[in-house]
Every structure is written in C-alpha cells, then in structure tokens.
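# Secondary and tertiary structure notes
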Amino acid sequence: MTHNAAKDDLSVSNLFNFSSHIALVTGGGTGLGEMAAQAFVQNSAHVIIASRKESELKSTSDRLNKLGPGKCEYIIADLKDKAGCEALCAEVKKRVDRLTVLVNNTGATWGDDYYSFPESGWDKLMALNVKNIFYMTVGLEPLLLKGANADTPGRVINIASMAGIQTTDVTTGEAGGLSAPGHGTFSYGPSKAACIHLTKMQASKLAPKNIMCNVICPGVFPSRMTNFGLQKYMDTLVSGQPTGRIGKPSDFGGLVLFLSSAGSAHMTGNVIEIDGGSTLTGWRGKRNESKI
C-alpha cells in the first residue's frame with residue numbers, strides 16, 4: 001500500500017498518542033525505569049513496572065497513579081536467571097492480553113580492582129545486563145505480537161549504556177567518578193556492548209514479525225547506579241559534559257516515548273546515544289565551570 005502525505009495525519013496528537021499503549025518497564029521502581037514509567041503514565045498509557053523491591057515499586061506506583069492520567073501497577077520480580085524472567089512473563093500474561101512496548105531496563109554495575117576483580121562481578125552483570133534481555137523478549141513476544149502490524153509494530157527498547165561504546169580505560173582516577181579511585185567497572189562495559197549487539201540481532205529476528213527493537217545508551221543520569229559518583233564526585237562527572245549538565249528525566253522519557261510512538265514505527269536496530277555529546281567530543285572541562 002502506498003501512502004502520501006496528503007492522506008496522512010502528521011499532527012503530534014496522532015504521531016505521539018499513547019492512550020492505547022500497554023508497557024512493561026523492568027527496573028521500573030527507580031532511576032531511568034521510573035523516568036520511562038512516568039513518561040508513559042503522564043501520556044495516558046497503562047504501565048507495569050517490575051523490580052525486586054516492593055517498597056520502591058509501591059511508592060513509585062502510588063506517585064504515578066496520583067499523577068495520571070494513565071495507570072501504573074507493579075510486579076515483584078528478580079531477573080537474575082531464566083526462571084525469574086519466566087516468572088515475570090507468566091505474571092504479566094495473567095494481567096494483560098497484549099503489550100505494545102517492552103522496556104528492558106533492569107541492570108546492575110560493579111566496580112572493583114582490576115587485578116582482584118571477583119568472578120561474581122562478571123556473572124551477575126552478564127546475567128542481568130544481557131541474558132535477562134534475551135529471555136524477557138522471548139517470553140513476551142506473544143503479547144508484543146498482539147495487534148502488531150507494519151504500521152503499528154510492537155516495540156522492544158533495551159537500555160544499554162555509553163559504557164558499551166566507550167573503549168577507554170575505566171580505572172577511576174584520583175578525582176573520582178562512578179567508582180572509587182583505583183577501581184573500575186571492568187565487566188559493565190562488555191556487558192552493555194553485548195546488550196547493544198543482542199539488540200541488533202533481535203531487530204533482525206523480529207522485524208519480519210513487526211516488532212521493532214532499538215537500544216538506548218545513556219551517559220550519566222541520576223539513578224541508584226550513579227548515586228555513589230553523584231554524591232561524591234559531581235564536579236568530576238560534570239567536567240566531562242560539554243553542556244555543563246548531566247542527563248535529566250525529560251531527556252530519557254522523551255526518547256522512550258519517541259521510540260514507542262507512531263513516529264518511529266520504521267526504525268529498528270538503532271543505537272541511540274544520550275550523553276549530551278560527552279563521548280563524541282571527549283570533553284574534559286575545568287572542574288570549577290560546573291553549571292549545576
């Protein structure tokens with residue numbers, strides 16, 4: 001079928017209408033996941049958030065339901081292994097009969113000494129940052145296929161990191177950073193690079209089924225993962241930002257909405273960087289120039 005602009009409605013209210021969306025956001029109780037969930041709820045979607053800690057899930061659900069006009073519910077889940085992923089998929093299927101968007105946001109990091117880096121720091125990260133995305137997407141494919149067609153495809157949005165693209169030494173210097181001086185997140189970057197590669201393979205596998213898969217690579221955003229660095233070394237982190245600021249909820253929420261919208265229905269396998277140009281420019285400003 002051919003389209004021409006004269007017959008298509010290109011208004012924002014049509015291209016970015018989320019009222020019929022049902023989204024699952026893993027790791028949705030805090031940080032980036034919470035930002036994504038709020039973006040959906042504030043635009044009339046139905047969101048399910050999942051993570052391990054019920055207190056955080058309940059608090060976020062309550063806050064988002066007060067905000068409206070969409071709705072938020074939660075499921076307690078631990079995605080550290082295949083069984084945990086399958087349990088969440090089974091519970092989602094009890095609650096809804098279709099999904100329009102799966103946001104695979106659950107993840108973890110680990111900072112330690114390069115020469116005595118513990119094996120658990122590899123196993124935990126590969127399981128949470130890579131394997132979980134594979135099993136969640138396989139498990140929820142039947143729900144993503146409901147109502148999916150070439151014009152309204154299902155969406156998988158994986159959350160990687162700029163760490164999956166950067167290849168510089170991640171050993172933290174004396175000025176500090178996202179881990180203690182002398183330590184580094186040596187298994188984190190490789191796990192996020194694997195997430196990026198997995199996304200492209202999923203995109204190839206699922207495009208014929210009208211499921212679009214894209215991956216977001218955030219730079220520094222406020223979250224539990226970056227808390228250590230933001231509390232202790234904010235000046236150092238901001239000095240790597242040419243814009244003088246780190247990421248904020250609108251930066252992430254806006255991109256998640258775009259990748260879920262009619263406006264991105266023809267995009268798959270894309271790796272989208274949101275770090276304000278920090279990596280691209282290699283920017284290292286003066287520490288006293290912080291605009292925060």
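The model shown is predicted, which means the values in this text are computed figures rather than measured ones.

### Some points on the nonpolar core
Grouped together as the largest cluster of nonpolar side chains are 29 residues, with contacts concentrated most on Phe40, Val103, Ile157, Ile216, Phe252 and Val256. Every element with two or more residues in this core is listed here: strand 1 (22-26), helix 2 (31-41), strand 2 (46-51), helix 3 (54-67), strand 4 (101-104), strand 5 (154-159), helix 8 (249-260) and strand 7 (271-274). If one sorts the elements of this core by residue count, helix 2 sits on top with 7 residues. Excluding its chain neighbours within four sequence positions, the residues that come into contact with Val103 are Leu24, Val25, Thr26, Phe40, Ile157, Ile159 and Val256. Core analysis: the next-biggest nonpolar cluster, separate from the first, contains 28 residues, Ile75, Leu128, Ala163 and Ala203 among them.

### A look at the side chain of His21
Following the sequence through the fold, His21 ends up in the loop between helix 1 (12-15) and strand 1. A polar atom in the side chain of His21 sits 2.9 Å from the side chain of Thr100. Not counting the four nearest positions on each side in its chain, His21 is found in contact with Ala45, His46, Thr100, Val101 and Ser260.

### With respect to the confidence of the model for the chain
For the chain, the mean per-residue pLDDT works out to 93, and 96% of the residues sit at or above 70. Taken as a whole, residues 287-291 scores under 50 in pLDDT and shows 9 contacts with residues more than four places along the chain or in a different chain.

### Digging into the side chain of Thr26
The residue Thr26 is located in strand 1 in this model. One polar contact links the side chain of Thr26 to the main-chain amide nitrogen of Thr106, over a distance of 3.0 Å. Every residue in contact with Thr26, bar those within four places of it in the chain, is listed here: Ala50, Leu79, Leu88, Val103, Asn104, Asn105, Thr106 and Met136.

### Topic: the sheet that holds strand 5
In space, the 7 strands of this open sheet follow the order 3-2-1-4-5-6-7, with parallel pairing throughout. With one partner strand each, in any of the chains shown, strand 3 (71-76) and strand 7 form the two edges of the open sheet. On average, adjacent strands in this sheet sit at an angle of 20° to one another, irrespective of strand direction. Sheet analysis places strand 4 next to strand 5, joined by 4 bridges and oriented parallel. Bridge pairing in strand 5 places Val101 opposite Arg155. Sitting on the sheet, helix 5 (residues 120-145) is in contact with strand 1, strand 4, strand 5 and strand 6 (211-218), with an inclination near 170° to strand 4. Sheet strands touched by helix 6 (residues 188-206): strand 5, strand 6 and strand 7. Its angle to strand 6, the strand with the most contacts, is close to 165°.

### Regarding the packing of aromatic side chains
Under the criterion given, the structure shown has 6 aromatic pairs. With 6.1 Å between their ring centres and 70° between their planes, Phe221 and Phe252 make a pair best called edge-to-face. With Phe221 in the loop between strand 6 and helix 7 (227-239) and Phe252 in helix 8, the pair connects residues that are 31 residues apart, well separated along the chain. The same class applies to Phe221 as to Phe252, namely buried. An aromatic cluster is present here, built from Tyr114, Tyr115, Phe117, Trp122 and Phe186 joined pairwise through their rings.

### Regarding the pairing of strand 5
Summarising burial for strand 5: 6 of the 6 residues are buried, a large majority. Residues Gly154, Val156 and Asn158 of strand 5 are buried on one face, and the alternating residues Arg155, Ile157 and Ile159, pointing to the opposite face, are buried as well. Bridge analysis of strand 5 against strand 6 gives 6 bridges, and the strand direction is parallel. Residue pairing for strand 6: Ile159 is matched across the bridge by Ile216.

### Description of the state of the cysteines
Disulfides are covalent bonds that link the sulfur atoms of two cysteine residues. Tallied over the full model, the rule gives 0 disulfides. Free cysteine Cys72: the closest other cysteine sulfur is in Cys89, separated by 18 Å. A relative accessible area of 6% places Cys72 in the buried class.

### Let's talk about the layout of surface pockets
For the second largest pocket, the calculated volume is near 720 Å³. For the second largest pocket, the lining is made up of 27 residues, of which Asp151, Thr152, Pro153, Ala262 and Ala265 are closest to its centre. Mapped by element, the contributors of at least two residues to the lining of the second largest pocket are helix 1 and strand 5. Class assignment for the residues of the lining of the second largest pocket results in 9 nonpolar, 12 polar and 6 charged.

### Section: the pairing of strand 6
Most of strand 6 sits inside the fold, with 8 of its 8 residues counted as buried. Side-chain alternation along strand 6 places Ile211, Cys213, Val215 and Cys217 on one buried face and Met212, Asn214, Ile216 and Pro218 on a second face that is also buried. Pairing between strand 6 and strand 7: 4 bridges, direction parallel. Bridge assignment links Cys217 to a residue of strand 7, and that residue is Glu273.

Cut-offs used in this document
- Residues numbered from 1 in each chain as written.
- Predicted model: local features only at pLDDT ≥ 70, side-chain atom pairs only at ≥ 80, totals over all residues.
- Heavy atoms only, no water.
- Core = buried A, V, L, I, M, F, W, Y, C linked by side-chain atoms within 4.5 Å.
- Buried < 20%, exposed > 50% of the residue type's maximum accessible area, 1.4 Å probe, protein only.
- Helix = DSSP H or I, 4+ residues; strand = E, 2+ residues; numbered from the N terminus.
- Contact = heavy atoms within 4.5 Å.
- Polar contact = N/O pair within 3.5 Å; in protein donor to acceptor, adjacent residues only side chain to side chain.
- pLDDT = per-residue confidence, 0-100.
- Pairing = 2+ DSSP bridges.
- Axes fitted to C-alpha atoms, helices over the stretch in contact; angles between N-to-C directions.
- Phe/Tyr/Trp six-rings, centres within 6.5 Å; stacked < 30°, edge-to-face > 60°.
- Disulfide = S-S within 2.5 Å.
- 1 Å grid on protein atoms, 1.4 Å probe; cavity = no way out; pocket = protein on both sides within 12 Å on 5 of 7 lines; lining within 4 Å.
- Points joined across faces, edges and corners; volume = space filled by probe spheres on them.
- Nonpolar A, V, L, I, M, F, W, Y, C, P; charged D, E, K, R; others polar.

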